[in-house]
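# Per-entry structural report
Here is what each chain is made of, one letter per residue.
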Protein chains: 2
Amino acid sequence: MKFSPALQELMEALRCLPGVGPKSAQRMTLYLLERDREGATVLSRALQAAVERVDHCSRCRNFTELDICEICEDPRRDASTVCVVETPADVLAVEQSGSYRGLYFVLMGHLSPIDGIGPAEIGLDKFHRRVIDEGIDEVILATNPTVEGEATAYYLSDVLHNEGVKVSRIAHGVPLGGELEYVDGSTLAHAFSGRRPVE
Amino acid sequence: MKFSPALQELMEALRCLPGVGPKSAQRMTLYLLERDREGATVLSRALQAAVERVDHCSRCRNFTELDICEICEDPRRDASTVCVVETPADVLAVEQSGSYRGLYFVLMGHLSPIDGIGPAEIGLDKFHRRVIDEGIDEVILATNPTVEGEATAYYLSDVLHNEGVKVSRIAHGVPLGGELEYVDGSTLAHAFSGRRPVE
Ligand SMILES: [Zn+2]
Ligand SMILES: [Zn+2]
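Not measured: the values here are computed from a predicted model.

## Thoughts on the overall build of chain A
On a plain count of helices and strands, chain A comes out with eight helices and seven strands. C-alpha extents for chain A along the principal axes are approximately 65 × 35 × 35 Å. In chain A, which comprises 199 residues, the proportion classed as buried is 52%. Once local pairs closer than 6 in sequence are excluded, the contacts in chain A between residues at least 24 apart make up 57%. On chain A, roughly 9,400 Å² of surface is accessible, and the fraction owed to carbon and sulfur atoms is 49%. Counting 20 positive and 31 negative side-chain charges, chain A places the averaged centre of each group 6 Å from the other.

Pasting the structure below:
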């Protein structure tokens with residue numbers, strides 16, 4: 001015996017959420033139907049709206065509902081400096097640290113040859129062209145201090161070596177093996193101020 | 001700085017799920033947009049379908065997409081016995097134990113005067129009438145062995161005392177203070193076979 005088809009389908013569908021197993025999915029389904037049908041309706045619409053409206057900024061690849069995102073369009077930002085991060089959550093973490101006023105480039109991942117993720121998949125060809133076209137002065141590499149993040153930073157510093165642009169890596173105030181989005185703002189601020197040129 | 005409005009709304013909306021805090025909601029949002037937009041679309045539709053189609057069985061109050069649920073309509077079930085449980089998850093747990101072939105009545109809660117939940121809110125007036133109208137032989141009380149569950153069982157046994165129906169309580173093989181839906185099938189089977197009449 002199972003629940004009715006619509007409940008069964010909702011339980012299956014909730015499994016797409018990271019960290020949600022069969023037991024949590026069942027608990028969530030019964031909770032929503034018993035106690036928060038309005039919340040379920042709001043969530044249904046929010047999911048649809050996000051999927052339909054949110055895409056990547058055509059300049060920095062961060063998530064946005066516009067063609068060019070608000071950060072890229074902001075005239076008060078220093079357009080001569082670009083910080084390269086792995087994910088939109090990293091952009092948020094850096095913004096919340098209040099330590100940076102330049103622009104971003106969001107890789108939406110990192111190099112991972114085993115998974116077939118090469119430079120093109122994380123937009124590095126596009127980024128290379130942007131650095132040249134926009135006459136960027138400094139590229140700050142803020143990929144995660146993991147094996148893949150370091151490899152990605154190394155690849156980028158190598159590619160940009162002869163382009164007359166200063167390339168720096170944020171200091172390792174960020175705990176090794178950790179993920180940027182979980183680091184507190186003051187540690188991140190420290191990491192930005194302690195950045196050093198990549199030889 | 002925040003994410004774009006559609007992302008921000010999705011993060012807020014995910015908070016309606018039990019056990020999902022701000023950090024999980026952010027992680028889920030970015031995961032869905034980055035890696036599983038199809039899953040997000042499926043989930044959006046499943047939520048809407050469940051909210052629109054699922055209602056309570058007009059006989060036993062369990063969740064169903066029909067007027068009368070499949071268990072109530074099944075001619076192979078013993079219609080002279082009714083098991084009273086608190087939630088649809090409890091029905092599923094009892095069904096999976098394979099120890100019961102009668103019908104159900106789902107309270108969708110338990111008596112809780114402090115929260116304004118009296119007999120009418122959990123359908124006990126309706127259940128009382130059903131016991132008389134359908135000539136039920138036995139009512140098995142399978143509410144949770146918690147303070148509220150016990151109080152609800154006691155109230156029901158009291159109400160049915162003079163109706164010429166056998167009223168029993170499942171044996172406390174179910175761990176005290178525990179919740180029925182998390183108990184394994186064999187413990188539940190044991191609890192059903194060890195039930196005793198309520199004096
Ligand atoms: Zn942008
Ligand atoms: Zn029913």
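Resuming the write-up.
## Observations regarding the relation of the copies chain A and chain B
Both copies of the chain are related by a screw-like operation: a rotation about an axis and a shift along it. Under the fitted operation, chain A is carried onto chain B by 0.0 Å of movement along the axis and a turn of 180 degrees, and the coordinates agree to an RMSD of 0.0 Å. Read as a symmetry element, the transformation amounts to a two-fold axis. Closest approach to the rotation axis within chain A is made by the C-alpha atom of A:Ser44, at a distance of 2.1 Å. Most of the interface of chain A is mirrored in chain B: 100% of its interface residues are interface residues there too.

## Quick word on the domain arrangement of chain A
Reports often express the size of an interface as the amount of accessible area lost when the parts come together. Along its sequence, chain A is carved into domain 1 (5-53) and domain 2 (63-197). Averaged C-alpha coordinates put domain 1 of chain A and domain 2 of chain A at centres separated by 34 Å.

## Some words on the coordination of the zinc ion (ligand 2)
All names here are of chain B. At this site the zinc ion (ligand 2) is bound by Cys 57 (SG), Cys 60 (SG), Cys 69 (SG) and Cys 72 (SG), with donor distances of 2.3 Å. In this structure, the zinc ion (ligand 2) is coordinated by four donor atoms arranged in tetrahedral fashion, with angles at the metal of 104 to 118 degrees. Donor residues binding the zinc ion (ligand 2) come from one chain and are separated in sequence as C-x2-C-x8-C-x2-C. Look at Cys 57 and you get buried, because its relative accessible area is 1%.

## Examining the interface of chain A and chain B
At the junction of the two partners, chain A supplies 53 residues and chain B supplies 53 residues. Between chain A and chain B, the buried area comes to about 4,900 Å², and carbon and sulfur atoms account for 73% of it. Run the count over chain A and chain B and you get zero salt bridges. One can count nine residue pairs in polar contact (both at pLDDT 80 or more) joining chain A with chain B. Elements represented by at least two residues in the side of chain A that touches chain B include exactly α1 (5-14), α2 (22-35), α3 (37-53), β2 (63-64) and α5 (88-97) of chain A. Ranked by residue count, the leading element in the side of chain A that touches chain B is α3(A), at twelve residues.

## What about the pattern of salt bridges?
Two side chains bearing opposite charge may form a pair once their charged atoms approach each other closely. Scanning the entire structure with this criterion turns up twelve salt bridges over all chains. Two residues, B:Arg76 and B:Asp74, come together in a salt bridge whose shortest N-O distance is 3.1 Å. Given the relative accessible area of 68%, B:Arg76 is considered exposed. One salt bridge connects B:Arg77 with B:Glu95, and the closest N-O pair in it is separated by 2.8 Å. One end of the pair, B:Arg77, is in the loop between α4 (70-73) and β3 (78-85); the other, B:Glu95, is in helix α5 (residues 88-97), with 18 residues separating them in the sequence. Owing to a relative accessible area of 14%, B:Glu95 belongs among the buried residues under this scheme. Several salt bridges converge on common partners, so that one network encompasses A:Arg59, A:Arg130 and A:Glu134.

## Let's talk about the packing of α2(A) against α5(B)
Running from N to C, α2(A) and α5(B) point in directions that differ by 140 degrees, and their axes come no closer than 10 Å. On the basis of their axis angle, the class for α2(A) and α5(B) is oblique. On the side of α2(A), the interface is formed by A:Gln26, A:Leu30 and A:Glu34, while α5(B) contributes B:Pro88, B:Ala89 and B:Leu92. Residues that form the contact of α2(A) with α5(B) fall into these classes: four nonpolar, one polar and one charged.

## Considerations on the UniProt feature "zinc finger region: C4-type" (unreviewed entry) in chain A
Those residues carrying the UniProt feature "zinc finger region: C4-type" (unreviewed entry) are residues 57-72 of chain A in this numbering. Here residues 57-72 of chain A runs as 19% helix and 12% strand, with 8 Å between its end C-alpha atoms.

## A few points about the coordination of the zinc ion (ligand 1)
All names here are of chain A. At 2.3 to 2.4 Å from the zinc ion (ligand 1) lie its protein donor atoms, namely Cys 57 (SG), Cys 60 (SG), Cys 69 (SG) and Cys 72 (SG). Given four donor atoms and angles of 105 to 118 degrees at the metal, the environment of the zinc ion (ligand 1) is assigned as tetrahedral. Coordination of the zinc ion (ligand 1) draws on donor residues from a single chain, spaced C-x2-C-x8-C-x2-C in sequence. For Cys 60, a relative accessible area of 3% gives the class buried. Assessed through its relative accessible area of 5%, Cys 69 is described here as buried.

## Some thoughts on unusual backbone geometry
Residue and element names in this part refer to chain A. Here the phi dihedral of Arg 61 falls at roughly 70 degrees; this positive angle occurs in a residue that is not glycine. Along the chain, the position of Arg 61 falls in the loop between β1 (55-56) and β2. Residue Arg 61 is classed as buried on the basis of its relative accessible area of 16%.

## Concerning the packing of aromatic side chains
Across all of its chains, the model carries four aromatic pairs over all chains by this definition. Judged by centre distance (4.7 Å) and plane angle (35 degrees), the ring pair of A:Phe105 and A:Phe127 falls under tilted. Of the two residues, A:Phe105 is situated in strand β4 (residues 102-106) and A:Phe127 in helix α6 (residues 124-133); the sequence distance between them amounts to 22 residues. For the residue pair A:Phe105 and A:Phe127, the accessibility class agrees, reading buried in each case. Ring geometry for B:Tyr100 against B:Tyr104: centres 5.3 Å apart, planes inclined by 65 degrees, an arrangement best described as edge-to-face.

Thresholds applied
Residues numbered from 1 in each chain as written. Chains lettered and ligands numbered in written order. Predicted model: local features only at pLDDT ≥ 70, side-chain atom pairs only at ≥ 80, totals over all residues. Heavy atoms only, no water. Helix = DSSP H or I, 4+ residues; strand = E, 2+ residues; numbered from the N terminus. Buried < 20%, exposed > 50% of the residue type's maximum accessible area, 1.4 Å probe, protein only. Contact = heavy atoms within 4.5 Å. Areas by Shrake-Rupley, 256 points an atom, 1.4 Å probe, with all protein chains shown as cover. Lys, Arg positive; Asp, Glu negative; His and termini not counted. Charge placed at Lys NZ, Arg CZ, Asp CG, Glu CD. Least-squares fit on C-alpha atoms with pLDDT ≥ 70 in both. Domains from an automatic or database assignment. Donors = N, O, S within 2.8 Å, 3.2 Å for Na, K, Ca; no water. Tetrahedral: all angles 85-135°; square planar, octahedral: opposite > 155°, others 65-115°. Buried area = accessible area lost by both parts, 1.4 Å probe. Salt bridge = Lys/Arg side-chain N within 4 Å of Asp/Glu carboxyl O. Polar contact = N/O pair within 3.5 Å; in protein donor to acceptor, adjacent residues only side chain to side chain. Axes fitted to C-alpha atoms, helices over the stretch in contact; angles between N-to-C directions. Parallel < 35°, antiparallel > 145°, perpendicular 65-115°, else oblique. Nonpolar A, V, L, I, M, F, W, Y, C, P; charged D, E, K, R; others polar. UniProt positions renumbered as here; feature names shortened; annotations may be inferred. Phe/Tyr/Trp six-rings, centres within 6.5 Å; stacked < 30°, edge-to-face > 60°.

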